[in-house]
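Observations on the three-dimensional arrangement
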Amino acid sequence: MASAIRTFDLGYDDADPLAFARLVKALFPSWEKVEVERMTGGVNNTLFRVRKEDRDSDNQEAVDEAALIRIYGGSSGILVDREQELNCHILLQKHGLAPRIIGRFHNGYAYGFVPGKVCSPVEVAREPVWRGIAERMAEWHATLPLAELVLLNIWCVLNKWITALPTSTEEETAKQNELIAEGGLLQALFSKNHVRDMPEVDFIDFEYAMAAPATFDIACHFSEWVGFECDYTLLPSQSVRRQFLLQYMSAYNKLCKPDGKIRDIDELCAEVDKFRGVPGFFWGIGALIQAQVSKMDFDFTKYANLRIAEYMDWKAEMSGSREQSGREKPLREQQWAKE
């Protein structure tokens, strides 16, 4: 699929001041005047918005065309499979869920710019916003055909990440073996008896696209309400999660085939609840790798420990070991149980 994309024998290099100009000229040969803006908010990549600006000499009205140029970051090849990312983008484009791909080059690719802004944790918790997210997520889950997805599933990705962790010391090797064992337990628990398999992708960023249960995707979304600071007081309550899932179910059932409709809201809520600890384990492993490869000024090790602790707390709650030991229920579990 990705082989069909227009490809340029060029690359971006911070050390070469003309490299970006050559890229823009190759990608947009008809653009005479170009405005460039470096975007903020990218965790793994460098992002530039480029805009064509044509001005009519009589009425001075500008007609703008914009695109995003993504320069791959240090996670390529370890955390992110770039061919898979492109294949996913192509599939989303085919179904009208992603902007058109303009072209690829050695260390990135360009595609249409989607105007908007990244939601903060506070904004995500606003009812009009989360209702819109529920509808859009349902559209993606109901529209994307799993049979067309030539993607790694969540368990393959998780195993790949764990085996990429450093093992230069006995302590690191022991930790990796422990994580491999935990990953195996999760796969055994969740490989059956879930509602339905759907692809999990971000709305504007497809580098972590994979085949995974839809309820994992939804649990991931709820876990993002706390932000990178992991402020667990921001987690949605049971009543808010139920309203979100009712909105999701209504939108999903309008789009899916009759035999694929969600019939039981209580079952859907229970499935999402069951997944609540898994995003912490998954993204915690990803953060451990980021701690090795990222140049960002961010404490990925501390973040990884917080996220993996979410999983361990969930595991203790599910097994009953926390209650049996007499330990206080962790804040995240308290907030998740809040009505």
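Residues numbered from 1 in each chain as written. Predicted model: local features only at pLDDT ≥ 70, side-chain atom pairs only at ≥ 80, totals over all residues. Heavy atoms only, no water.

**A word on the overall build of the protein**
Rules: Strands here are runs of E lasting at least two residues and helices are runs of H or I lasting at least four, both read from the DSSP assignment and numbered beginning at the N terminus. A 1.4 Å probe rolled over the protein chains alone gives each residue an accessible area, and that area as a share of the maximum for its type sets the label: buried under 20%, exposed over 50%, partly exposed in between. Residue contacts are defined here by distance: any two heavy atoms, one from each residue, within 4.5 Å place the two residues in contact. Note on areas: these come from Shrake-Rupley sampling with a 1.4 Å probe, and a residue is covered only by the protein chains present in the view.
For the protein, the helix and strand inventory stands at 13 helices and 7 strands. Counting over 339 residues, the protein shows a buried share of 46%. Relative to all contacts within the protein whose residues are 6 or more apart in sequence, the contacts with residues 24 or more apart total 64%. Surface summary for the protein: the accessible area is close to 17300 Å², and the carbon and sulfur share equals 51%.

**Examining the side chain of R241**
With respect to the helices and strands, the residue R241 is situated in helix α8 (residues 238–255). Among the residues examined, R241 registers a relative accessible area of 4% and is labelled buried. For R241, the contacting residues outside a window of four places in its chain are F222, P236, D273 and W336.

**A short note on helix α4 (residues 127–143)**
Residues separated by three or four positions in an α-helix point in the same direction, a consequence of the helix having 3.6 residues per turn. Selection rule: Residue count minus one, scaled by 1.5 Å, sets the expected span of a helix.
Helix length check: α4, at 17 residues, gives a terminal C-alpha distance of 24 Å against a target of 24 Å (1.5 Å per residue), a fit within 8%. The complete set of buried residues in α4 reads W130, I133, A134, M137, A138, W140, H141 and A142.

**Things to note about the packing of α4 against α8**
Quick note on the threshold: Every axis corresponds to a line fitted to the C-alpha atoms, with the helix fit spanning only the stretch in contact, and the corresponding angles, defined between N-to-C directions, vary from 0 to 180 degrees. Working rule for angles: under 35 degrees goes down as roughly parallel, over 145 as roughly antiparallel, 65 to 115 as roughly perpendicular, anything else as oblique. Helix crossings are classified by the rotation of the near helix relative to the far one: an anticlockwise turn of less than a right angle makes the crossing left-handed, while a clockwise turn makes it right-handed. Only Asp, Glu, Lys and Arg are considered charged in this grouping, and only Ala, Val, Leu, Ile, Met, Phe, Trp, Tyr, Cys and Pro are considered nonpolar; every other residue, Gly among them, is considered polar.
In contact at an axis separation of 8 Å, α4 and α8 are set at 40 degrees when each is read in the N-to-C sense. When the axis of α4 is compared with that of α8, the two are oblique. Along this stretch, α4 crosses α8, giving a crossing that reads as right-handed. Mapping the contact onto sequence places W130, R131, I133, A134, E135, M137, A138, E139, H141 and A142 in α4 and V240, Q243, F244, Q247, Y248, A251, Y252 and L255 in α8. Taken together, the residues of the contact of α4 with α8 sort by class into 12 nonpolar, 3 polar and 3 charged.

**Details of a nonpolar patch on the surface**
Here is the rule: Here the term patch refers to residues with relative accessible area over 30% and no salt bridge, with like charges joined within 9 Å and nonpolar side chains (Val, Leu, Ile, Met, Phe, Trp, Tyr) within 5 Å. Counted as salt bridges are all cases of a side-chain nitrogen of Lys or Arg within 4 Å of a carboxyl oxygen of Asp or Glu.
On the surface, F228, M296 and F298 cluster together into a nonpolar patch covering about 260 Å² of accessible area. Within the element layout of this structure, F298 appears in the loop between α10 (278–293) and α11 (300–319). Judged by its relative accessible area of 30%, F298 falls in the partly exposed class.

**Regarding the packing of aromatic side chains**
Using the following cut-off: Here the aromatic set is Phe, Tyr and Trp, taking the six-membered ring for Trp, and pairing holds for ring centres within 6.5 Å; pairs whose planes are under 30 degrees apart are stacked, those over 60 apart are edge-to-face, and all others are tilted. Sitting over a ring, as applied to charges here, requires NZ of Lys or CZ of Arg to be within 6 Å of the ring centre and within 35 degrees of the ring normal.
Considering all chains together, one arrives at 24 aromatic pairs under this definition. Each ring, one from F20 and one from F48, has its centre 4.6 Å from the other, and the planes form 45 degrees; the classification is tilted. One end of the pair, F20, is in helix α1 (residues 19–27); the other, F48, is in strand β2 (residues 46–55), and 28 residues separate them in sequence. Among the residues examined, F20 registers a relative accessible area of 13% and is labelled buried. Between the aromatic rings of F282 and W283, the centroid separation amounts to 4.8 Å while the plane-to-plane angle is 85 degrees, which identifies the pairing as edge-to-face. Considered together, F282 and W283 belong to a single accessibility category, that of buried residues. Site record: aromatic cluster; members linked through ring pairs are W161, Y208, F216, F275, F282 and W283. Positioned over the ring face of F113 is R49, at 5.3 Å from the centre of the ring.

**As for unusual backbone geometry**
Even without glycine at this site, C230 takes up a positive phi of about 55 degrees. Along the chain, C230 falls in the loop between α7 (214–223) and α8. Relative accessible area serves as the criterion here: at 8%, C230 is assigned to the buried category.

**Some points on helix α5 (residues 154–163)**
Definition in use: The arc in question is traced by the directions running from the helix axis to the C-beta atoms. Any pair of N or O atoms that falls within 3.5 Å is considered a polar contact. Within protein, one atom must be able to donate a hydrogen and the other to accept it, and sequence-neighbouring residues count only if both atoms are side-chain atoms.
Within α5, the full set of buried residues consists of I154, W155, V157, L158, W161 and I162. Projected onto a plane normal to the axis of α5, the buried residues spread over an arc of 160 degrees and lie on a single side. Contacts from the buried residues of α5 go to α6 (170–190), β7 (210–213), α7 and α10. One side-chain oxygen at the N-terminal end of α5 lies 2.9 Å from the backbone nitrogen of W155; it belongs to N153.

**Thoughts on the nonpolar core**
The condition is simple: Here, nonpolar core means buried Ala, Val, Leu, Ile, Met, Phe, Trp, Tyr and Cys residues that are tied together by side-chain atoms lying within 4.5 Å of each other.
Membership of the largest hydrophobic core comes to 61 residues, with the highest contact counts inside it found for W161, Y248, F282 and I285. When residues in this core are grouped by element, the largest group, 8 residues, is from α10. Among all residues touching F282, those that are not within four sequence positions of it are I154, V157, L158, W161, M210 and F216. In this structure, I5, W140, L144 and A209 belong to the second largest nonpolar core, which totals 17 residues.

**Digging into the packing of α10 against α11**
Following both chains from N to C, one finds α10 and α11 inclined at 160 degrees, their axes separated by 7 Å at the closest point. As the angle between them shows, α10 and α11 are arranged roughly antiparallel. Between α10 and α11 the crossing geometry is left-handed. Along the contact surface, α10 presents P279, G280, F281, W283, G284, I285, A287, L288, Q290 and A291, while α11 presents F300, T301, Y303, A304, R307, I308, E310 and Y311. Tallied by class, the residues present in the contact of α10 with α11 amount to 12 nonpolar, 4 polar and 2 charged.

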